[in-house]
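Structural overview
So you can see what is in the structure, the chains are spelled out below.
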Amino acid sequence: MENRELVCVACPLGCPITVTFDADGNVATITGNTCKRGDAYARTEVTNPTRMLTTTVKVEGGKSYVVPVKSANPIPKGMMMECMKVINEASVKAPVNIGDVVIENILGTGVDIIATNYAD
Amino acid sequence: MLNYDLVVVGGGPAGMAAALKAKENGIDSIIVLERAETLGGILEQCIHTGFGLHYFGEELSGPEYAGRFMKMLEGTDIDVKVDTMVLDVADDNVVTAVNKKDGLLKIQAKAVVLAMGCRERPRGALSIAGSRCSGIMTAGTAQKYVNIDGYMPGHEVVILGSGDIGLIMARRMTLEGAKVKMVCELMPYSGGLTRNIVQCLDDFGIPLKLSCTVVATHGKDRLEGVTIAKVDERLQPIPGTEEYVSCDTLMLSVGLIPENELSKNSGLQLDNITNGPRVDEYRETEHAGVFACGNVLQVHDLVDYVTEESQIAGLGAAKFIKGEKVTGECVYTKGINGVRYIVPQRINHDTDADVKLYFRVGAVFNNAKIIVECDGKEILSKKKVKLCPGEMEYVTLKQSVIKELPVNAEITVRVEA
Ligand SMILES: Cc1cc2nc3c(=O)[nH]c(=O)nc-3n(C[C@H](O)[C@H](O)[C@H](O)COP(=O)(O)OP(=O)(O)OC[C@H]3O[C@@H](n4cnc5c(N)ncnc54)[C@H](O)[C@@H]3O)c2cc1C
Ligand code: SF4
């Protein structure tokens with residue numbers, strides 16, 4: 001298998017990473033990362049790419065119109081748009097606190113959608 | 001007239017970090033003045049994650065990052081006044097501000113930290129032909145509409161400029177169901193972080209058109225489309241390359257300008273390149289006791305660095321108030337050959353710590369070397385696999401090295417490709 005050239009998106013430094021594979025297509029070496037997170041990122045990126053999802057959820061009965069939310073952990077990259085549909089149909093009642101779970105286990109991914117700001 | 005040891009102008013991440021650091025260093029009476037309804041600055045609308053990895057070792061969203069500093073502030077006796085606009089910082093460090101509750105406020109400060117942040121370059125800064133129809137806005141304005149007001153400003157979007165805010169908004173609008181047709185960038189490289197190109201454009205198949213610009217907008221009441229064209233090396237549109245793209249929204253992400261009206265009015269000279277005040281290693285401006293940090297000093301791409309810089313300013317202000325700050329003869333810094341600017345612009349010769357020189361390069365360099373010299377002699381060099389204008393770099397000068405330099409010497413930093 002050919003090498004894969006990636007840019008680590010695990011933090012804003014964006015290290016260029018090269019992944020090489022052995023004859024069976026398993027990851028052989030990972031180079032270019034400057035920290036452990038980069039290694040982990042490259043491994044998932046070539047097997048099952050995931051991303052953090054951030055968006056907003058409607059707030060009911062408060063001053064704020066929306067409250068920002070994020071996936072508590074990265075979700076499969078291919079499921080982002082489907083998750084957006086679920087989130088856009090949901091709403092929360094004010095007041096909301098940082099860390100409140102807004103949607104539990106979204107689409108069976110095992111990942112919660114949590115609030116990232118206060119809303120009243 | 002009120003009296004405070006330290007007055008901080010602006011309650012974004014810069015102002016909060018500076019205030020907290022000064023407190024930690026024994027300053028008793030501190031007040032933060034913020035013109036918005038809440039602390040947090042621009043971070044309140046930056047709901048994506050990526051903040052705090054360096055500082056907290058966690059991937060936080062903007063409001064979460066700001067929230068941590070607000071919590072820390074609440075745990076202190078630092079005074080905060082929101083909805084309060086600072087109008088003037090006078091020579092004798094008298095700060096004039098206004099709000100609905102107190103009316104006009106005059107505060108005598110021993111030291112002042114300027115932390116007013118930056119704003120986006122507006123449309124007027126560009127020359128695009130076309131009528132003033134609706135649907136043309138800066139990416140930051142669109143970010144506020146979507147993330148704070150919960151309102152979608154359009155459905156078919158073209159983004160001009162590949163700054164980070166534009167890239168982030170390309171993803172944000174796509175997630176909310178809009179069609180982002182393309183991002184046009186005048187330069188042959190992107191002004192944003194590589195990670196944002198990967199996860200905001202590549203992930204969604206949004207094309208990035210380099211060396212390309214918008215030459216005209218079309219539409220009477222609402223934008224209906226734009227004409228884009230390729231540009232030559234002199235950044236001039238190439239005739240015959242024009243192309244019509246239909247869209248109802250044009251977002252501009254063409255750079256940030258430090259918010260320095262206050263600084264200018266108080267007579268501070270601004271650096272031609274950073275558009276921020278000129279400072280020493282503790283971020284003290286040319287006015288004694290007036291410090292500056294965060295985006296008002298130089299545009300940062302990472303809030304973590306804003307925090308770091310503001311802590312330096314907070315510490316400097318604390319030292320100044322306690323009469324411990326070194327101020328005297330200096331050495332001066334200058335970026336040459338590919339290095340556009342350096343902050344700080346001067347360093348006290350007898351400084352009491354190592355000093356990091358922050359800078360940006362003017363073009364993309366691969367496998368380059370950063371070389372620091374004084375009087376033709378190399379003081380330091382650092383290899384870099386990649387240097388690009390979108391990312392701030394730094395080198396660290398040891399206190400012992402600075403001490404050895406002649407007074408008034410010029411330290412240059414350059415790139416060797
Ligand atoms: C639209 C936009 C989006 C951005 N997105 C990102 C991003 O995604 N990631 C990132 O790392 N960085 C981003 N930045 C850069 C970001 O500004 C910095 O990371 C960080 O917020 C800078 O902190 P600051 O405290 O210097 O400025 P700010 O956060 O801008 O805070 C300055 C504060 O000063 C207040 N102020 C200004 N003038 C006065 C006055 N006269 N009186 C009283 N108060 C005043 C303002 O209201 C504001 O609250 C963005 C910038 C903009 C403009
Ligand atoms: S490898 Fe580590 S330092 Fe480099 S971008 Fe990834 S997370 Fe950041």
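Our subject is the structure listed above.
Report on the accompanying structure. Note that this is a predicted model, so its numbers are computed, not measured. (Residues numbered from 1 in each chain as written. Chains lettered and ligands numbered in written order. Predicted model: local features only at pLDDT ≥ 70, side-chain atom pairs only at ≥ 80, totals over all residues. Heavy atoms only, no water.)

Moving on, we get to the environment of B:Ala139. All names here are of chain B. Along the chain, Ala139 turns up in helix α3 (residues 139-147). Of the residues examined, Ala139 reaches a relative accessible area of 0% and is grouped as buried. C-alpha separation for the pair Ala139 and Glu120, spaced 19 residues apart in sequence, amounts to 8.4 Å. Residues within four places of Ala139 in sequence aside, it is in contact with Glu120, Ile165, Gly166, Met169, Met251, Leu252 and Ser253. (Helix = DSSP H or I, 4+ residues; strand = E, 2+ residues; numbered from the N terminus. Buried < 20%, exposed > 50% of the residue type's maximum accessible area, 1.4 Å probe, protein only. Contact = heavy atoms within 4.5 Å.)

Size it by volume and the second largest pocket reaches roughly 620 Å³. Along the wall of the second largest pocket there are 23 residues; nearest its centre are A:Leu13, A:Cys15, B:Lys384, B:Lys386 and B:Glu391. Where the lining of the second largest pocket is concerned, the elements lending two or more residues are β25 (377-387) and β26 (393-397) of chain B. With five residues, the top contributor of residues to the lining of the second largest pocket is β25(B). For the lining of the second largest pocket, a count of residues per class yields 13 nonpolar, four polar and six charged. (1 Å grid on protein atoms, 1.4 Å probe; cavity = no way out; pocket = protein on both sides within 12 Å on 5 of 7 lines; lining within 4 Å. Points joined across faces, edges and corners; volume = space filled by probe spheres on them. Nonpolar A, V, L, I, M, F, W, Y, C, P; charged D, E, K, R; others polar.)

Residue and element names in this part refer to chain B. In the region of ligand 1, 31 residues are neighbours, and Ala14, Glu34, His48, Asn295 and Asp301 sit closest. A distance of 2.9 Å separates an oxygen atom of ligand 1 from a polar atom in the backbone of Ala14. In this structure, Arg35 approaches ligand 1 through a main-chain N or O atom, which is 3.1 Å from a nitrogen atom. In the complex, 93% of the free accessible area of ligand 1, which totals 960 Å², lies under the protein chains. Considering only residue class, the shell around ligand 1 consists of 17 nonpolar, 11 polar and three charged. If you count residues domain by domain, the shell around ligand 1 takes at least three from each of domain 1 (1-120 + 256-325) and domain 2 (122-254). (Near = heavy atom within 4 Å. Polar contact = N/O pair within 3.5 Å; in protein donor to acceptor, adjacent residues only side chain to side chain. Areas by Shrake-Rupley, 256 points an atom, 1.4 Å probe, with all protein chains shown as cover. Domains from an automatic or database assignment.)

With that settled, the discussion passes to empty space enclosed by the protein. Under the criterion given, the structure shown has two cavities of 30 Å³ or more. Taken as a whole, the largest cavity encloses approximately 60 Å³ of empty space. A:Thr54, B:Ile47, B:His48, B:Gln143, B:Asn147, B:Ile168, B:Arg171, B:Arg172 and B:Leu175 together form the lining of the largest cavity. Among the elements of the structure, α3 and α4 (164-175) of chain B are those that each provide at least two residues to the lining of the largest cavity. Of the residues assigned to the lining of the largest cavity, the class counts are three nonpolar, four polar and two charged. In terms of lining, the second largest cavity is formed by A:Met52, A:Leu53, A:Thr54, A:Met80, B:His48, B:Thr49, B:Arg171 and B:Leu175.

All names here are of chain B. Compared with an ideal rise of 1.5 Å per residue, which puts 19 residues at 27 Å, helix α7 (residues 303-321) spans 26 Å between its outermost C-alpha atoms and is within 8% of the ideal. Within α7, 15 of the 19 residues are buried, leaving the element largely enclosed by the surrounding structure. Following α7 by one or two positions, Gly323 adopts a phi angle in the positive range, close to 70 degrees. (Expected span 1.5 Å × (residues − 1).)

Our next topic: the pairing of strand β2 (residues 16-21) of chain A. All names here are of chain A. In this structure, strand β1 (residues 4-7) lies alongside β2, joined through four bridges in antiparallel fashion. Following the sheet pairing, Val7 is matched in β2 by Pro16. Here β2 pairs with strand β3 (residues 27-31) via four bridges, running antiparallel. The residue of β3 that forms the bridge with Thr18 is Thr31. The turn linking β2 back onto β3 is made up of five residues, and Gly25 within it adopts a positive phi angle of 85 degrees. (Pairing = 2+ DSSP bridges.)

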